[in-house]
Amino acid sequence: MPRRDRTPRFYFSLRSPYSWLAYRQLRDEHPEVADAITWRPFWEPDARSLLMLEKAGGGFPYVGMSRAKHLYILQDVRRLCHERGLQPAWPVDRDPVWEVPHLAHLAAVDEGKGPEFIERVYRARWEEGRDICAPATIAEVAAELGLPEDRLAGAADDDGLRERGVEALSRVDADGVFGVPFFIHGFHKFWGVDRLAPFIASVTGAAPGRSATGPSATAPSAAAPGRGGDQGHAGGCG
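Note that the structure is predicted; figures quoted are calculated from it, not measured.

**A short note on the overall build of the chain**
Reasoning step 1: Looking only at helices and strands, one finds ten helices and four strands in the chain.
Reasoning step 2: The helix and strand sequence of the chain, counted from the amino end, reads β-α-α-β-α-α-α-α-α-α-α-β-β-α.
Reasoning step 3: Burial statistics for the chain: of 238 residues in total, 51% are counted as buried.
Reasoning step 4: At a minimum sequence separation of 6, the contacts of the chain that also span at least 24 residues come to 72%.
Reasoning step 5: Counting every atom, the chain has about 10700 Å² of accessible surface; 51% of that belongs to carbon and sulfur.

Here it is, written out as structure tokens:
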């Protein structure tokens, strides 16, 4: 029987406002933990990726969302941002293809600039309100970071990156991840912004119950707007 992967890991989505908030607190308040853990992308596959994933024996959960929950999320994210002194710029997603930014992230990792790419794309989406599923936006981000513009902007059309994307989605499936932000350490799983504190305590060996992340230790969270993973609990989002 293969040994369980005990590497601490953070499943993040460049789409999710709750992933963005978890990212900000992890990077700003616990950079040593952020540098020590493994970062794994989570995104809603398009038809091509989903077919490839199913052929590989994997799957991805899809759950619809009511209008009431969508409106609650908008209110909740504004409240959480206010607590943190942040002013989100709400992006408008029109037929988004989430492979565009997430496969570009894999290309950025190849160039040794995965963290820089995540930071810049999160800022573009949640602080500047830009469309990160537009190849032109990714090309501009790549140019700012000194990365190959054509490769990152065209990541969704790169067969090799598509295959690696399926591998990434297969890990999502194998780890039982159903929403984001999602944290894993050994046998322990933590879903949602409000589970960031116990995850950090697990990784660092801090005393249980000790707040390590400020407002997120008690603040509620919910599902991000649109299609995504299991969104029936207020602890995380898809």
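**Re the confidence of the model for the chain**
Reasoning step 1: Within the chain, residue pLDDT values average 87, and 84% of them lie at 70 or more.
Reasoning step 2: For residues 209–235, every residue scores under 50 in pLDDT, and the model assigns this stretch 97 contacts once sequence neighbours within four places are set aside.

**So, the pattern of salt bridges**
Reasoning step 1: Under the counting rule described, the total for this entry stands at 20 salt bridges.
Reasoning step 2: For Asp35, the salt bridge goes to Arg27, with nearest N and O atoms at 2.8 Å.
Reasoning step 3: Taking the shortest distance from any N to any O, the salt bridge between Arg123 and Glu128 comes out at 3.9 Å.
Reasoning step 4: A residue is classified by how much of its surface remains accessible, and Glu128, at 35% relative accessible area, is partly exposed.
Reasoning step 5: Here the salt bridges share partners, and the residues they tie into one network are Glu119, Arg120, Arg123, Glu128, Arg130, Glu140 and Glu144.

**Topic: the nonpolar core**
Reasoning step 1: In this structure, Phe10, Leu14, Leu26, Trp39, Phe117, Tyr122 and Leu152 are the most contacted members of the largest nonpolar core, which totals 64 residues.
Reasoning step 2: If sequence neighbours within four positions are ignored, Tyr122 has contacts with Phe12, Ser13, Leu14, Ser16, Ser19, Trp20, Tyr23 and Glu127.

**Side note on unusual backbone geometry**
Reasoning step 1: Note that the residue after Val180, namely Pro181, is joined by a cis bond; omega there is -5°.
Reasoning step 2: Structurally, the position occupied by Pro181 is in the loop between α9 (159–174) and β3 (182–185).

**Details of the sheet that holds strand β1 (residues 9–12)**
Reasoning step 1: One open sheet accounts for four strands, arranged β2-β1-β3-β4; its pairing is mixed. Strands with a single pairing partner mark the edges of an open sheet, and in this sheet they are β2 (38–41) and β4 (188–191). Adjacent strand axes in the sheet meet at a mean angle of 20° when their direction is disregarded.

Parameters at a glance
Residues take numbers from 1 onward in each chain, read along the sequence in its written order. Reporting in this predicted model follows two pLDDT cut-offs: at least 70 for local features of residues, and 80 or more for side-chain atom pairs to be given and counted; totals over whole chains, interfaces and linings ignore these cut-offs and use all residues. Just so you know, side-chain values use all the structure's heavy atoms and leave hydrogens and water out. Numbering of helices and strands runs from the N terminus, with a helix taken as a DSSP run of H or I at least four residues long and a strand as a DSSP run of E at least two residues long. The cut-offs for exposure are 20% and 50% of the maximum accessible area for each residue type, with area from a 1.4 Å probe on protein chains only; residues under the lower value are buried, those over the upper are exposed, and the others partly exposed. Any two residues whose heavy atoms approach within 4.5 Å at even a single point are treated as in contact. We get accessible surface area from the Shrake-Rupley algorithm with a probe of 1.4 Å; when it comes to residues, only the shown protein chains can shield them. In predicted models, pLDDT denotes the confidence assigned by the predictor to each residue on a 0 to 100 scale. By salt bridge we mean one thing: a side-chain nitrogen of Lys or Arg within 4 Å of a carboxyl oxygen of Asp or Glu. Put simply, a nonpolar core is a bunch of buried Ala, Val, Leu, Ile, Met, Phe, Trp, Tyr and Cys residues held in one set by side-chain atoms that sit within 4.5 Å of each other. In this scheme, strands are said to pair when DSSP sees at least two bridges between them. Under this scheme, a helix contributes an axis fitted over its contacting stretch, all axes are lines through C-alpha atoms, and angles between N-to-C directions fall in the 0 to 180 degree range.

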